[in-house]
Amino acid sequence: MKITANRLDRGFERYQEEFEEAALKVLRSGWYVLGPSVEKFEQEFASYTGVKYAVGVASGLDALILAFRVLGIKEGDEVIVPANTYIASVMGVTINGATPVFVEPDEFHNIDASRIEEAVTENTKAVLVVHLYGQACEMDRITEICRKHNLKLVEDCAQSHGAKYNGQMTGTFGDIGCFSLYPSKNLGAFGDGGAIVTNGENYAADLKMLRNYGSRKRYYFEEVGMNSRLDEMQAALLSVRLKHLDELNEEREMLANRYLTGIKNGKIILPIIRKNATTVWHQFVITTSKRDELIDYLKEKEIGSIIHYPIPPHLSECYRNLNYKEGDFPVTEKDAHEVLSLPFYNGMTEEEQAYVIDALNRF
Ligand SMILES: *Cc1c(COP(=O)(O)O)cnc(C)c1O
């Protein structure tokens, strides 16, 4: 049996008629960018996450760039970020000219809250948390630290649509929550997309201005903004997906439990979940010191897998100017050598999972 790491077509097929109907409606409407479908999706997404405002943008990276921009983060400022994140989290900081200050992860692969304060300096302006692999960070401690040091808090929720901490949605703890709506995310479009959520009325208004060339009123440009608009097609398709997000996340929970109970191999460490946190299982990530052997072994059995992520930002070529070297963040670097995401997607069959579990147990 051939099993790829992800299967986006399965998520389409289940709701095919609804998606096709929504797409056709947009095609026939004559309105294709920033229109009624975008407004409808923004309202639905704000209500789903439990905030006052949601602003649709062109990508998760743009959401991060715009979030730091409206918070006034600029050159000379420091932003605390997890060392083991996807590069886009860090780029959202550096594209604004600010400096990322990395903090090691804990055993849940999220920023280690107990190590944040030692990274605070007089230049620190904000903390960016990333709810990596779908699991909420330790938000009670982190919001407390931000309050104490008067720091802005931004949440990168690109992998955590629907995940909660103490019953509260990720994205709603800080000043601004940033979501990617890239096709492979839990709430995925059929192209690029992003969303920003906030309770700040001025933030929302500024975000809407900046995503459209810095204009509040047609052809009046008050700032040099971006073209980061969400289109009608994606918004209409996202409204369909959002309606089903909870059931999709519940299915992922069921799939994760099958892996958690089925995989029994002393060489493989299974993911764990923090008390008071939930995960929406964006990825199912195991840890093993035999990672590269395991990838080859799975390949022989035609089972795909992915490393999220093989090179941490501080060792990425694009950040050589920050002058970090191997050994600077040992926990992050160990993770980069040992994590592996198993095949995991909505619509994964019991038979497919059993094949993967059997292979893993005989490794
Ligand atoms: C996907 C992702 C992003 C970037 O989103 P895009 O829509 O691809 O720009 C940012 N942060 C994290 C953690 C992600 O997984």
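One can find the structure itself at the top, above this paragraph.
Residues numbered from 1 in each chain as written. Predicted model: local features only at pLDDT ≥ 70, side-chain atom pairs only at ≥ 80, totals over all residues. Heavy atoms only, no water.

S.K.: I tried to follow the environment of T49 on my own but got confused; where do I start?
M.R.: With respect to the helices, strands and loops of the structure, T49 is situated in helix α3 (residues 36-49). Overall, the relative accessible area of 5% leaves T49 in the buried class. Separated by 258 residues in sequence, T49 and I307 have C-alpha atoms that sit 29 Å apart. Setting aside its immediate chain neighbours within four residues, T49 contacts M169, T172, F179 and V197. A distance of 2.8 Å separates a polar side-chain atom of T49 from the backbone oxygen of F45. (Helix = DSSP H or I, 4+ residues; strand = E, 2+ residues; numbered from the N terminus. Buried < 20%, exposed > 50% of the residue type's maximum accessible area, 1.4 Å probe, protein only. Contact = heavy atoms within 4.5 Å. Polar contact = N/O pair within 3.5 Å; in protein donor to acceptor, adjacent residues only side chain to side chain.)

S.K.: Looking at this structure, I do not really get the nonpolar core. What am I missing?
M.R.: Side chains of nonpolar character tend, in soluble globular proteins, to be buried together. In this structure, F68, V79, L128 and I176 are the most contacted members of the largest nonpolar core, which totals 39 residues. Those elements that place two or more of their residues in this core are β1 (53-57), α4 (60-70), β2 (78-82), α5 (87-94), β4 (124-130), β8 (176-180) and α7 (201-211). Excluding its chain neighbours within four sequence positions, the residues that come into contact with I176 are A67, V70, L71, L153, V154, E155, G171, I196, V197, T198 and Y203. (Core = buried A, V, L, I, M, F, W, Y, C linked by side-chain atoms within 4.5 Å.)

S.K.: Just to check I follow, could you spell out the packing of aromatic side chains for this structure?
M.R.: Any aromatic ring pair is given by two values, namely how distant the centres are and how the planes are angled relative to each other. Counted under the stated rule, the structure contains 16 aromatic pairs. Summarising the aromatic geometry, the rings of F45 and F179 are spaced 4.9 Å apart at their centres and angled 85 degrees between planes, so their arrangement reads as edge-to-face. Placement of F45 in helix α3 and of F179 in strand β8 is noted, with a sequence separation of 134 residues between them. Looking at F45, the relative accessible area reads 0%, which means it is buried. It is K217 that lies over the ring of Y220; its NZ or CZ is 4.1 Å from the centre. (Phe/Tyr/Trp six-rings, centres within 6.5 Å; stacked < 30°, edge-to-face > 60°. Lys NZ or Arg CZ within 6 Å of the ring centre and 35° of its normal.)

S.K.: Help me understand the environment of E338 in this model?
M.R.: Summarising the element assignment, E338 is placed in helix α11 (residues 330-338). Overall, E338 belongs to the buried group, its relative accessible area being 15%. Taking the C-alpha atoms as reference, E338 lies 5.5 Å from R291; in sequence the two are 47 residues apart. Setting aside its immediate chain neighbours within four residues, E338 contacts I286, T287, T288, S289 and R291.

S.K.: How do you make sense of the pairing of β2 when you look at a structure like this?
M.R.: Put simply, side chains in a regular strand alternate between the two faces of the sheet. When you tally the buried positions in β2, you get five out of five residues, the bulk of the element. What you see with β2 is no split at all: E78, I80 and P82 on one side and V79 and V81 on the other are buried throughout. Sheet topology note: the β2/strand β3 (residues 99-103) ladder contains five bridges and is parallel. Bridging from a neighbouring strand, V79 pairs with P100 of β3. (Pairing = 2+ DSSP bridges.)

S.K.: Teacher, can you tell me more about the site of the ligand here?
M.R.: In the vicinity of the ligand lie 13 residues, with G60, D156, Q159, S180 and K185 positioned nearest. The protein chains hide 90% of the 390 Å² of surface that the ligand would expose on its own. Counting only elements with at least two residues in the shell around the ligand, the list comes to α4 and α5. Residues of the shell around the ligand, tallied by class, amount to six nonpolar, five polar and two charged. (Near = heavy atom within 4 Å. Areas by Shrake-Rupley, 256 points an atom, 1.4 Å probe, with all protein chains shown as cover. Nonpolar A, V, L, I, M, F, W, Y, C, P; charged D, E, K, R; others polar.)

S.K.: Is there a simple way to think about the pairing of strand β5 (residues 152-156) in this case?
M.R.: Within β5, four of the five residues are buried, which leaves it mostly tucked inside the rest of the structure. Pairing of β4 with β5 involves five bridges; the strand directions are parallel. Counted as the bridge partner of A126 is K152 from β5. The parallel pair β4 and β5 is bridged by helix α6 (residues 139-149), and the resulting crossover is right-handed. Bridging between β5 and β8 involves three bridges; their strand directions are parallel. Its bridge partner being in β8, D156 is matched across the sheet by C178. (Right-handed = clockwise from strand over helix to strand, strands pointing away.)

S.K.: Explain the side chain of R10 to me, please; I cannot follow it from the model alone.
M.R.: On the secondary structure map, R10 appears in helix α1 (residues 8-13). On the basis of relative accessibility, which here comes to 16%, the residue R10 falls in the buried class. Filtering out sequence-adjacent residues up to four positions away, R10 remains in contact with Y345, N346, G347, M348, T349 and E352.

S.K.: Can you walk me through the sheet that holds β8 in this structure?
M.R.: The pairing of strands in a sheet comes from backbone hydrogen bonds and takes either a parallel or an antiparallel form. Across the sheet, which stays open at both edges, the seven strands sit in the order β1-β9-β8-β5-β4-β2-β3 with mixed pairing between neighbours. At either end of the open sheet lies a strand with only one pairing partner, and these are β1 and β3. In this sheet, adjacent strand axes meet at a mean angle of 25 degrees when their direction is disregarded. Seen against the sheet, α3 touches β1, β8 and β9 (194-198) and runs at an angle of roughly 130 degrees to β1. Each of β2, β3, β4 and β5 is contacted by α5, which is oriented at about 145 degrees to β3, the strand it contacts most. (Axes fitted to C-alpha atoms, helices over the stretch in contact; angles between N-to-C directions.)

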